[in-house]
Amino acid sequence: MKKLIYLAMAMLFSTMVVAQNKNKFTDKKGYFAFSGGLAIPVGEFASTSTANGGLAMTGFNANLHGGYAFTPHFGLGGNIFYATYTVNSGSLGISGVTMDHWQYYGVAVGPSVGLVKKERLDWTMNLYGGFARANSPVITYESKNTEETWATAFTLQLGTHLRYMTSPNTFVMGGLEYTGMKPRWTSVSTIGDYEQAIRGLHLSVGLGWKF
């Protein structure tokens, strides 16, 4: 009887160990994620100054994130990003003038430094560089429109990501990126060549996978 009891206990113990191993949060190196949220203009981009203001107002952003951790505290990452901002046309004080939006999309990559690394939680700081295509607002006045134009500019992103594992393979995340660029547009009808400093905060939440 004792041998039977010992054998049953051994079988139960081995079953518990297997179950625990299946649920273990192993340290996976790679990840990708989707996120979206608010795009908040800052600095002269949000200013209503007629000299250098962008008249930008809060819009939204969307991102595809990816990265690989070479060590617990260092890796490479990147974002494919898009953002759009509404325009405060009324601040111009010119009746009948409307402007549609600012928008840009691009890609940026760079180092990622791990500040906190736990079984379920990791927090990183990221410094990315890349390029973006930025769209100048179309101005409408008395049924006449300026051209829709795009310009390419170097882009810098300084950000932080917080990821929490909800299962061994999936996580929820929160992100904050400061995105800056200064595109220059050429041959804009009725306006001529001009440039605009674009500075924005991408505040986002999302869902991702580790592999």
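Description of the structure in this document.

About the criteria used
Residues numbered from 1 in each chain as written. Predicted model: local features only at pLDDT ≥ 70, side-chain atom pairs only at ≥ 80, totals over all residues. Heavy atoms only, no water. Helix = DSSP H or I, 4+ residues; strand = E, 2+ residues; numbered from the N terminus. Contact = heavy atoms within 4.5 Å. Areas by Shrake-Rupley, 256 points an atom, 1.4 Å probe, with all protein chains shown as cover. Phe/Tyr/Trp six-rings, centres within 6.5 Å; stacked < 30°, edge-to-face > 60°. Buried < 20%, exposed > 50% of the residue type's maximum accessible area, 1.4 Å probe, protein only. Lys NZ or Arg CZ within 6 Å of the ring centre and 35° of its normal. Polar contact = N/O pair within 3.5 Å; in protein donor to acceptor, adjacent residues only side chain to side chain. Pairing = 2+ DSSP bridges. Axes fitted to C-alpha atoms, helices over the stretch in contact; angles between N-to-C directions.

### Examining the overall build of the protein
Here comes step 1: When helices and strands are tallied, the protein shows 1 helix and 13 strands.
Here comes step 2: Order of helices (α) and strands (β) in the protein, N terminus to C terminus: α-β-β-β-β-β-β-β-β-β-β-β-β-β.
Here comes step 3: The long-range share in the protein, meaning contacts at least 24 apart out of those at least 6 apart in sequence, stands at 63%.
Here comes step 4: As displayed, the protein offers around 11,700 Å² of accessible surface, 67% of which is attributable to carbon and sulfur atoms.

### Observations concerning the packing of aromatic side chains
Here comes step 1: Under the criterion given, the structure shown has 15 aromatic pairs.
Here comes step 2: Ring centres of Phe-32 and Phe-34 lie 6.4 Å apart, and the angle between their planes is 90°; on these two criteria the pair is classed as edge-to-face.
Here comes step 3: Between Phe-131 and Phe-154, the ring centres sit 6.1 Å apart and the planes meet at 80°, which makes this aromatic pair edge-to-face. With Phe-131 in strand β6 (residues 121-135) and Phe-154 in strand β9 (residues 150-165), this pair connects stretches of sequence that are 23 residues apart.
Here comes step 4: When its relative accessible area of 53% is taken as the criterion, Phe-131 is described as exposed.
Here comes step 5: By relative accessible area, Phe-154 is classed as exposed at 52%.
Here comes step 6: Taken together, the aromatic side chains of Phe-45, Phe-81, Tyr-85, Trp-102, Tyr-104, Trp-185 and Tyr-194 make up a single cluster linked through ring pairs.
Here comes step 7: The positively charged end of Arg-163 is found above the aromatic ring belonging to Tyr-31, 4.3 Å away from the centroid.

### Focus on the side chain of Thr-146
Here comes step 1: By the element assignment, Thr-146 lies in the loop between β8 (144-145) and β9.
Here comes step 2: Residue class for Thr-146 comes out buried when judged on its relative accessible area of 11%.
Here comes step 3: At 2.9 Å, the side chain of Thr-146 and the backbone nitrogen of Ile-139 are in polar contact.

### A look at the sheet that holds strand β4 (residues 97-99)
Here comes step 1: Strand order in this open sheet of 3 strands is β4-β7-β8, and the pairing throughout is antiparallel. Of all the strands in the sheet, the pair left with one neighbour each is β4 and β8.
Here comes step 2: Examined bridge by bridge, β4 and strand β7 (residues 139-141) share 3 bridges and lie antiparallel to one another. Opposite Met-99, over in β7, you have Ile-139 as the bridge partner.

### Observations regarding the sheet that holds strand β10 (residues 170-181)
Here comes step 1: Sheet architecture is closed into a barrel: 8 strands sit in the order β1-β2-β3-β5-β6-β9-β10-β13, paired in antiparallel fashion. Strand-to-strand twist in this sheet, taken as the mean axis angle between neighbours without regard to direction, amounts to 25°.
Here comes step 2: Pairing between strand β2 (residues 56-71) and strand β3 (residues 74-87): 13 bridges, direction antiparallel. In the sheet register, Gly-67 faces β3, and the bridge partner there is Gly-77.

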